[in-house]
Amino acid sequence: AFSVVQRLEQAGRHVVKVSPYDSTGACYKRIEDVPERIDAVNLIISPKIGLKVLDSMGELGIRHVFLQPGADSAEVVRRAEELGLVVQRGCVLVSEMPP
């Protein structure tokens, strides 16, 4: 995940880190905790947790999701499409940057 954050920042993207596993205080625990507007989410997490994040995205009005390999199970993709999210799949480290 560190390399993905670094790549996004090098591309000029504003990145806010969210991780339910963080114990350092460097990340928010949930996207609901982020105090600013979120334009897109880059999922680098297990599909089980990813499904919950997608539901939160729907509730918060976040429309764009980038699914990294491993986070892009068929169930996650299906749920994202059901929510009407704009889905992009691939690895930020090797793929063209999402719009």
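Scroll up to find the structure this text is about.
Residues numbered from 1 in each chain as written. Predicted model: local features only at pLDDT ≥ 70, side-chain atom pairs only at ≥ 80, totals over all residues. Heavy atoms only, no water.

Relative to the assigned elements, serine 19 resides in the loop between helix H1 (2-10) and strand S1 (40-43). Residue serine 19 is classed as buried on the basis of its relative accessible area of 17%. Once residues within four sequence positions are removed from consideration, serine 19 is found in contact with Cys27, Tyr28 and Lys29. (Helix = DSSP H or I, 4+ residues; strand = E, 2+ residues; numbered from the N terminus. Buried < 20%, exposed > 50% of the residue type's maximum accessible area, 1.4 Å probe, protein only. Contact = heavy atoms within 4.5 Å.)

What follows is about helix H2 (residues 47-60). Along its 14 residues, H2 runs 19 Å from first to last C-alpha, staying within 8% of the 20 Å computed at 1.5 Å per residue. Where H2 is buried, its residues touch S1, strand S2 (64-67) and helix H3 (74-82). Just downstream of H2, glycine 61 is the residue with a positive phi angle, here 80 degrees. (Expected span 1.5 Å × (residues − 1).)

The alternating pattern of S1 places Val41 and Leu43 on a buried face, while none of Ala40 and Asn42, on the opposite face, is buried. Bridging between S1 and S2 involves four bridges; their strand directions are parallel. Pairing of leucine 43 across the sheet is with leucine 67, part of S2. Once the chain exits S1 it traverses H2 before rejoining the sheet at S2, and the crossover so formed is right-handed. (Pairing = 2+ DSSP bridges. Right-handed = clockwise from strand over helix to strand, strands pointing away.)

According to the stated counting rule, one finds six salt bridges in the structure shown. One salt bridge connects arginine 30 with glutamate 32, and the closest N-O pair in it is separated by 3.8 Å. Residue classification places arginine 30 among the partly exposed positions, given a relative accessible area of 44%. Between arginine 37 and aspartate 39 there is a salt bridge, with the nearest N and O atoms lying 2.3 Å from each other. Looking at aspartate 39, the relative accessible area reads 47%, which means it is partly exposed. A cluster of three or more residues bridged by salt bridges with shared partners is formed by Arg30, Glu32 and Asp33. (Salt bridge = Lys/Arg side-chain N within 4 Å of Asp/Glu carboxyl O.)

Here we take up the nonpolar core. Residues Leu43, Leu54, Met57 and Val65 are the most contacted members of the largest nonpolar core, which totals 16 residues. Elements with a contribution of two residues or more to this core: S1, H2, S2 and H3. A per-element tally of this core places H2 first, with four residues. Excluding its chain neighbours within four sequence positions, the residues that come into contact with methionine 57 are Ile31, Val41, Ile62, His64, Val65 and Leu85. (Core = buried A, V, L, I, M, F, W, Y, C linked by side-chain atoms within 4.5 Å.)

Moving on: the layout of surface pockets. Gaps between atoms show up when a probe of the same size as a water molecule is rolled over them. The calculated volume of the largest pocket comes to roughly 1200 Å³. Counting residues per element, the ones that place at least two in the lining of the largest pocket are H1, S1, H2, S2 and strand S3 (86-89). By residue number, the principal contributor to the lining of the largest pocket is H1, which donates six residues. Classifying every residue of the lining of the largest pocket gives 27 nonpolar, seven polar and 10 charged. (1 Å grid on protein atoms, 1.4 Å probe; cavity = no way out; pocket = protein on both sides within 12 Å on 5 of 7 lines; lining within 4 Å. Points joined across faces, edges and corners; volume = space filled by probe spheres on them. Nonpolar A, V, L, I, M, F, W, Y, C, P; charged D, E, K, R; others polar.)

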